[in-house]
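Coordinate inspection notes
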Amino acid sequence: MELLPIPLFIHVRVLDIVDIVIVAFLLYQIYLLIRGTAAIKIFSGIVLLYFIWLVVKALNMELLGSILGQVIGVGVIAIIIVFQQEIRKFLLLIGSRYTSKGKSALESFLLGTDQNEVSQTNLDAIVKACKNLSETKTGALIAITRNSELEVYSQTGDIINAELSSRLLENIFFKNSPLHDGAAIIKGNKIHAARCVLPISENLNLPPKFGMRHKSALGLTEVTDALVIVVSEETGKISLADNGSIDYGISLTDLKEKLEQKLQAKR
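These lines cover the structure that appears in this document, whether it is placed above or below. Model, not experiment: these values are computed from the prediction.

The rules behind these values
Residues numbered from 1 in each chain as written. Predicted model: local features only at pLDDT ≥ 70, side-chain atom pairs only at ≥ 80, totals over all residues. Heavy atoms only, no water. Helix = DSSP H or I, 4+ residues; strand = E, 2+ residues; numbered from the N terminus. Buried < 20%, exposed > 50% of the residue type's maximum accessible area, 1.4 Å probe, protein only. Contact = heavy atoms within 4.5 Å. Areas by Shrake-Rupley, 256 points an atom, 1.4 Å probe, with all protein chains shown as cover. Salt bridge = Lys/Arg side-chain N within 4 Å of Asp/Glu carboxyl O. Phe/Tyr/Trp six-rings, centres within 6.5 Å; stacked < 30°, edge-to-face > 60°. Pairing = 2+ DSSP bridges. Axes fitted to C-alpha atoms, helices over the stretch in contact; angles between N-to-C directions. 1 Å grid on protein atoms, 1.4 Å probe; cavity = no way out; pocket = protein on both sides within 12 Å on 5 of 7 lines; lining within 4 Å. Points joined across faces, edges and corners; volume = space filled by probe spheres on them. Nonpolar A, V, L, I, M, F, W, Y, C, P; charged D, E, K, R; others polar. Expected span 1.5 Å × (residues − 1). Core = buried A, V, L, I, M, F, W, Y, C linked by side-chain atoms within 4.5 Å.

Once that is clear, we can look at the overall build of the chain. Check the secondary structure of the chain and you find eleven helices and nine strands. Of all 267 residues assigned to the chain, the portion counted as buried reaches 34%. Within the chain, residue pairs in contact and separated by at least 24 positions form 59% of the contacts whose partners lie at least 6 positions apart. For the chain, the computed accessible surface area is about 16700 Å², with 61% contributed by carbon and sulfur atoms.

All right, on to the pattern of salt bridges then. Pairing between side chains of opposite charge can happen when the charged atoms of each approach one another. The tally for this structure, following the rule as stated, stands at ten salt bridges. Taking the shortest distance from any N to any O, the salt bridge between Asp124 and Lys256 comes out at 2.5 Å. Here Asp124, found in helix 7 (residues 123-135), pairs with Lys256, found in helix 11 (residues 252-264); they are 132 residues apart in sequence, far enough to count as distant. Residue Asp124 is classed as partly exposed on the basis of its relative accessible area, which comes to 46%. Of the residues examined, Lys256 reaches a relative accessible area of 27% and is grouped as partly exposed. By sharing partners, the salt bridges in this structure join Arg146, Asp242 and Lys262 into a single network.

This brings us to the packing of aromatic side chains. Note on aromatic pairs: each is described by the distance of the centres and the angle between the planes. The final tally for this structure, using the stated rule, is three aromatic pairs. Here Tyr50 and Phe51 contribute two aromatic rings whose centre-to-centre distance is 6.1 Å and whose plane-to-plane angle is 70°, an arrangement assigned as edge-to-face. Ring geometry for Tyr50 and Trp53: centres 5.8 Å apart, planes at 50°, overall tilted. With Tyr50 and Trp53 both in helix 2 (residues 39-58), this residue pair falls three residues apart, about one helical turn.

Strand order in the open sheet formed by seven strands is 4-6-5-3-7-8-9, and the pairing between neighbours is mixed. Here the strands that pair on one side only, and so sit at the sheet edges, are strand 4 (158-163) and strand 9 (245-250). This sheet shows a mean twist of 20° between the axes of neighbouring strands, independent of strand direction. Summarising the sheet, strand 4 and strand 6 (residues 190-196) pair through four bridges and their orientation is antiparallel. Directly across from Glu163, in strand 6, lies its bridge partner Lys190.

Another point: empty space enclosed by the protein. What the rule picks out here adds up to one cavity of 30 Å³ or more. Of the pockets and cavities examined, the largest cavity occupies roughly 40 Å³. Residue lining of the largest cavity: Thr145, Glu149, Leu150, Glu151, Ser154, Ile185, Lys187 and His192, and that is the complete set. Those elements giving two or more residues to the lining of the largest cavity turn out to be helix 8 (151-154) and strand 5 (183-187). Here the residues of the lining of the largest cavity are counted per class, giving two nonpolar, three polar and three charged.

Taking 1.5 Å as the rise per residue, helix 10 (residues 212-223) with twelve residues should run 16 Å; its terminal C-alpha atoms sit 17 Å apart, in good agreement. Of all twelve residues in helix 10, nine are buried; the element is thus mostly enclosed.

Attention shifts here to the nonpolar core. Judged by nonpolar contacts, the single largest core of 27 residues is most densely connected at Ile126, Cys130, Leu169, Phe173, Ile229, Leu255 and Leu259. Among the elements of the structure, helix 7, strand 3 (140-144), helix 9 (166-172), strand 5, strand 6, strand 7 (227-231), strand 8 (238-242) and helix 11 are those that each provide at least two residues to this core. In contact with Ile126, not counting residues within four places along its chain, are Thr121, Ile144, Leu164, Leu169, Ile186 and Ile229. Leu141, Phe210, Leu218 and Ile246 belong to the second largest nonpolar core, which has 19 residues in total.

Listed below in structure tokens is the structure:
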């Protein structure tokens, strides 16, 4: 019996290595976006189904392979529907790398937008308001716009477009104020809207101490690049949410430093 020659080496091109590295990088980025959410289980199921399909194809199981092939064929549409929030966040992160001072570089080139027209946010007014709100244990939720437009969330509340000041922020969140229930959205150096409804975080592993304000702060930063400040009504502690994570119970000094650092990074 003549034995078939067994190849001792597998020919691997440089492009094959690059291909594997790119796919691994994309899968890792997807994992970072959906970890801690219900979507991670759905994503795991899709990956498992795909590998089963590959095994079925390798074994030439035509009937099962054709059925799984049809499922995989429409899988792209299903992924877009199931992971619409994660895809939106991923595209936002990509687009944010090509922005400058809150405006798209392409938009500035085509429309001739002057980047210096964007007024800087009065951080002293925000920090002072947070200090007074914290001392009186008045709950507050303040979203600061960066590159992402928050107009869809502004429309859920009342448009104000008033000059940013600590007194106005404190009056908005005063417990008897008709605007206190919801978030205030700051755009540039103006309080653009108040009493706004923010999306709730899909993270299932949040600590029990996080109330609806903290969950809303995280929810907005999961789908946009906004910064969200939370003042707890129960403890008076100040927290800052960004990119799906939150710094809980920070000092006023840390709050201002973090705001300056994060806002400066976007200019």
